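# Observations on chain architecture
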Amino acid sequence: MKILRFMKHADKQRNRIIIPKFIIDNFGRDFYLEVNVEDGSMKIIPIKNKKGE
């Protein structure tokens with residue numbers, strides 16, 4: 001089930017994507033970027049800290 005979908009453009013100079021602050025507040029600052037070459041999809045998956053930070 002998809003709750004939110006964002007359309008983002010990468011920064012032209014540094015090729016970065018800005019993640020909205022409320023997502024960082026809820027999930028933290030560390031993420032995996034999962035790229036599926038076969039179907040051309042990407043997923044940003046939050047890394048769960050063991051300390052609960």
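Up top you'll find the structure we're talking about.
Residues numbered from 1 in each chain as written. Predicted model: local features only at pLDDT ≥ 70, side-chain atom pairs only at ≥ 80, totals over all residues. Heavy atoms only, no water.

## Here we look at the overall build of the protein
The condition is simple: Runs of H or I in DSSP of at least four residues are treated as helices and runs of E of at least two as strands, each being numbered from the N terminus. Type-normalised accessible area, obtained with a 1.4 Å probe on protein chains alone, sets the label of each residue: buried when under 20%, exposed when over 50%, and partly exposed for intermediate values. For the accessible areas, the method is Shrake-Rupley and the probe is 1.4 Å, while residue cover comes only from the protein chains on display.
Summing up its helical and strand segments, the protein has one helix and two strands in all. Counting from the amino terminus, the protein carries its helices and strands in the arrangement α-β-β. Burial analysis of the protein (53 residues in total) assigns 2% to the buried set. When the accessible surface of the protein is split by element, carbon and sulfur atoms take 53% of a total near 5800 Å².

## Remarks on the pairing of strand β1 (residues 31-36)
Basically, it comes down to this: Two strands are counted as paired when DSSP detects at least two bridges linking them.
The buried fraction of β1 amounts to zero of the six residues, a small share that puts the element mostly on the outside. Bridge analysis of β1 against strand β2 (residues 41-46) gives six bridges, and the strand direction is antiparallel. Looking at β2, one finds that Val35 is bridged to Met42. The hairpin formed by β1 and β2 contains four residues between the paired strands, and Gly40 there has a positive phi angle of roughly 75°.

## Comments concerning the pattern of salt bridges
The test is simple: For this analysis, a salt bridge means a side-chain nitrogen from Lys or Arg found within 4 Å of a carboxyl oxygen belonging to Asp or Glu.
In total, this model carries one salt bridge according to the counting rule given. Its salt-bridge partner being Asp25, residue Lys21 comes within 3.2 Å of it at the nearest N-O pair. Within this pair, Lys21 and its partner Asp25 are both found in helix α1 (residues 21-27), separated by four residues, close to a single helical turn. Each of the two residues, Lys21 as well as Asp25, counts as exposed.

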